[in-house]
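A look at the structure
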Amino acid sequence: MSEENATTVSMESLKPGGQVQGTVKRLELFGAFVDICAGRDALLHISQLNRPNVRNVEDVLKVGEVLDVYILKVDADAGRIALSMSRPVEVDWSDLREGTMVQGKIVRIENYGVFVDFGGERPGMVHVSELTNGFVRSPSDVVSIGDEVEARVLKVNRGKRQIELSMKPGDEVGSFDGLDDEDEEDIPTAMELALRRAMDRTGGNEGSSQRAGKREKQRRYQEDIISRTLREHQA
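This report concerns the structure included in the present document. None of the values given here were measured: they were computed from a predicted structure.

1. Thoughts on the overall build of the chain
Helix and strand counts for the chain come out as 2 helices and 10 strands. Along the chain, helices (α) and strands (β) appear in the sequence β-β-β-β-β-β-β-β-β-β-α-α when read from the amino end. Nonlocal contacts in the chain, meaning residues at least 24 apart in sequence, comprise 60% of its contacts between residues at least 6 apart. When the accessible surface of the chain is split by element, carbon and sulfur atoms take 44% of a total near 13800 Å².

Rendered as structure tokens:
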């Protein structure tokens, strides 16, 4: 950024959530000061670098580097501007309810389903069985990375920070009546139901306790995969 453009942005014009471009001017232990042409440098705190467990700011940023950042907070009276490298959440957890319709983009495809970024803290997952009516052999047969889609919230697990979605037409979407935070663990997900049916078909000769043990082990394995996938996407 050139010096003659250093005051082209007024403090009043900066709104939380807005995206701006800036140049790293100085590095400190607690973060970096970034010139966003507002007449004063803005602070990009070490916790807002969009990287997990950052110990040294210089491992992530260099002086003179040009960044696309988001306005986190503006204190006009104190003349302070806080920045973040993470896009602010557009849809809060409190706004998500069973049946809520969301629009987003396919950001990841796995063999068990796809992940949709709809502006929430985390992408929501559409299980392969909830992509469309009928049998789907592979999610990539139905959607591609970058596709804009509309989906309906099936389940919100605030404890595990997971959101299950469905892209089926409204009259085909499964419903969980009376879902709340207390009984989330007792309600089977679409994945769990499909898994149970598959195990019941293949384990007819086993005792019920053995089948239940296998189901629980498989459920935990599936949840671990989903949790790791979400963490990798955010990283």
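2. So, the pairing of strand 8 (residues 124-127)
Across the two faces of strand 8 the burial is the same, with Gly124 and Val126 and Met125 and His127 all buried. In sequence, strand 7 (residues 113-117) turns back onto strand 8 through a hairpin of 6 residues, with Gly119 there showing a positive phi of about 95°. Across 2 bridges, strand 8 lies against strand 10 (residues 162-166) in parallel orientation. Bridging across to strand 10, Met125 finds its partner in Glu164.

3. Some remarks on the side chain of Asn157
Among the structural elements, Asn157 can be located in strand 9 (residues 148-157). Using a relative accessible area of 7% as the deciding quantity, one classes Asn157 as buried. A distance of 3.2 Å separates the side chain of Asn157 from the backbone nitrogen of Gly159, its partner in a polar contact.

4. Some points on the packing of aromatic side chains
In this structure the tally under the stated criterion is 2 aromatic pairs. Here Phe30 and Phe33 contribute two aromatic rings whose centre-to-centre distance is 6.1 Å and whose plane-to-plane angle is 90°, an arrangement assigned as edge-to-face. For Phe30, a relative accessible area of 38% corresponds to the partly exposed category. A residue is classified by how much of its surface remains accessible, and Phe33, at 18% relative accessible area, is buried. Taking 6.4 Å as the distance between ring centres and 85° as the angle between the ring planes, the aromatic pair formed by Tyr112 and Phe115 counts as edge-to-face. The same class applies to Tyr112 and to Phe115, which are both buried.

Conventions we followed
- Residues numbered from 1 in each chain as written.
- Predicted model: local features only at pLDDT ≥ 70, side-chain atom pairs only at ≥ 80, totals over all residues.
- Heavy atoms only, no water.
- Helix = DSSP H or I, 4+ residues; strand = E, 2+ residues; numbered from the N terminus.
- Contact = heavy atoms within 4.5 Å.
- Areas by Shrake-Rupley, 256 points an atom, 1.4 Å probe, with all protein chains shown as cover.
- Buried < 20%, exposed > 50% of the residue type's maximum accessible area, 1.4 Å probe, protein only.
- Pairing = 2+ DSSP bridges.
- Polar contact = N/O pair within 3.5 Å; in protein donor to acceptor, adjacent residues only side chain to side chain.
- Phe/Tyr/Trp six-rings, centres within 6.5 Å; stacked < 30°, edge-to-face > 60°.

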